[in-house]
Amino acid sequence: MTDAILDKNNIATQAGNITVYNFDGASREYISSSVEYLAVGIGIPANSAVDEPPMKNKGKAVCRKADSSGWEYIADHRGETVYSTESGEIIEITAPGDYPKKTTSIAPATPYDKWDGSAWVTDTDAKHTADVTSSEQQRGSLLAEAQITISIWQTELQLGIISDGDKASLIHWLSYIKELQAIDIDAAPDISWPVTPAA
């Protein structure tokens, strides 16, 4: 089979086979080569070229130039993870090209970190507010659990039918409740929680 001959617009002036190099229409990344039969007056398939791409280099993707004048190497960070400098959100690189704008490869240390242009800096006010809220919720949960534990003993005490052992337990739990209520929540996260009494 004869080889196709193309004019400057890649239209066949002589019918035959030709090897074309296919690339992705969006990313322009080289995909594969194929042999195509072209009749006279027929052009090469869309998203293909007749000039052979260079060998792939590590960390680079072979892509067609935007003006289709040839091939070029483009940075390839696919599979890497970066972080948005605006939100700290994790972004996985899935396409060839440079790192997305407003990203860094440095992970934030806490959910309260803000990017200062070169490093993450923890917003201590936001972190403290969150720690206080979390500690307040923990205290509320512990108090609710304590109230459930002592409710039967309180009823027995009012009715005068509480045993000496249960009365002692009630006293321990009431002391525990007072300790919980006395905690300075604003000291969060540096809080020493009282030990829960044995039920």
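The following paragraphs examine the structure supplied in this document.

What counts and what doesn't
Residues numbered from 1 in each chain as written. Predicted model: local features only at pLDDT ≥ 70, side-chain atom pairs only at ≥ 80, totals over all residues. Heavy atoms only, no water. Helix = DSSP H or I, 4+ residues; strand = E, 2+ residues; numbered from the N terminus. Expected span 1.5 Å × (residues − 1). Buried < 20%, exposed > 50% of the residue type's maximum accessible area, 1.4 Å probe, protein only. Arc of directions from axis to C-beta. Contact = heavy atoms within 4.5 Å. Polar contact = N/O pair within 3.5 Å; in protein donor to acceptor, adjacent residues only side chain to side chain. Pairing = 2+ DSSP bridges. Core = buried A, V, L, I, M, F, W, Y, C linked by side-chain atoms within 4.5 Å. Phe/Tyr/Trp six-rings, centres within 6.5 Å; stacked < 30°, edge-to-face > 60°.

## Describing helix α2 (residues 164-182)
Here α2 contains 19 residues, and its C-alpha end-to-end distance of 27 Å stays within 8% of the 27 Å for a straight helix at 1.5 Å per residue. Every buried residue of α2 is listed here: S169, L170, W173, Y176, I177 and L180. The buried residues of α2 occupy one face: seen down the axis, they fall within an arc of 125°. Turned more than 90 degrees away from the buried face of α2 sit D164, I171, H172, K178 and A182, all of them exposed. The inward-facing, buried residues of α2 contact α1 (124-159).

## Describing the side chain of H77
Relative to the helices and strands, H77 is located in the loop between β7 (71-75) and β8 (81-84). Using a relative accessible area of 15% as the deciding quantity, one classes H77 as buried. In terms of polar contacts, H77 uses its side chain to reach the side chain of Y99, at 3.2 Å. Beyond its immediate chain neighbours, meaning those up to four positions away, H77 contacts I93, G97, D98 and Y99.

## A short note on unusual backbone geometry
Across the junction of A188 and P189, the peptide omega takes the value 5°, indicating a cis bond. Residue placement: P189 occurs in the segment after α2. Positioned with a positive phi, N10 is a non-glycine residue whose angle comes to about 60°. Looking at where N10 falls in the secondary structure, it is placed in the loop between β1 (5-6) and β2 (12-14). Here the phi dihedral of R28 falls at roughly 65°; this positive angle occurs in a residue that is not glycine. Tracing the backbone through its elements, the reader meets R28 in the loop between β3 (16-23) and β4 (30-38).

## Things to note about the sheet that holds β8
Pairing is antiparallel in the open sheet, where three strands are placed in the order β9-β8-β10. Where the open sheet ends on each side, the last strands, each with one partner, are β9 (90-92) and β10 (103-104). Pairing geometry for β8 and β9, over three bridges, is antiparallel. From the neighbouring strand, V82 faces β9, where its bridge partner is I91.

## Considerations on the sheet that holds β4
One open sheet holds the three strands; their spatial order is β4-β3-β5, and the pairing between them is antiparallel. Each end of this open sheet is capped by a strand with a single partner; those strands are β4 and β5 (48-49). Alignment of β3 against β4, held across eight bridges, turns out to be antiparallel. For V20, the partnering residue across the bridge sits in β4 and is S34.

## Some words on the nonpolar core
I150, W153, W173, Y176 and L180 are the most contacted members of the largest nonpolar core, which totals 15 residues. At the level of elements, α1 and α2 are the ones that each hand at least two residues to this core. Contacts of W153, omitting those with residues within four sequence positions, involve I162, D166, S169, L170 and W173. Core analysis: the second largest hydrophobic core is formed by six residues, A4, A12, V20 and L38 among them.

## What about the packing of aromatic side chains?
Within the structure shown, the criterion is met by five aromatic pairs. Ring centres of Y21 and Y30 lie 6.5 Å apart, and the angle between their planes is 45°; on these two criteria the pair is classed as tilted. The partly exposed category is assigned to Y30, whose relative accessible area is 27%. Consider the rings of Y30 and W71, whose centres lie 5.8 Å apart with planes at 85°: the pair is edge-to-face. In this pair, Y30 is assigned in strand β4 and W71 in strand β7, connecting sequence segments 41 residues apart. Residue class for W71 comes out buried when judged on its relative accessible area of 11%.

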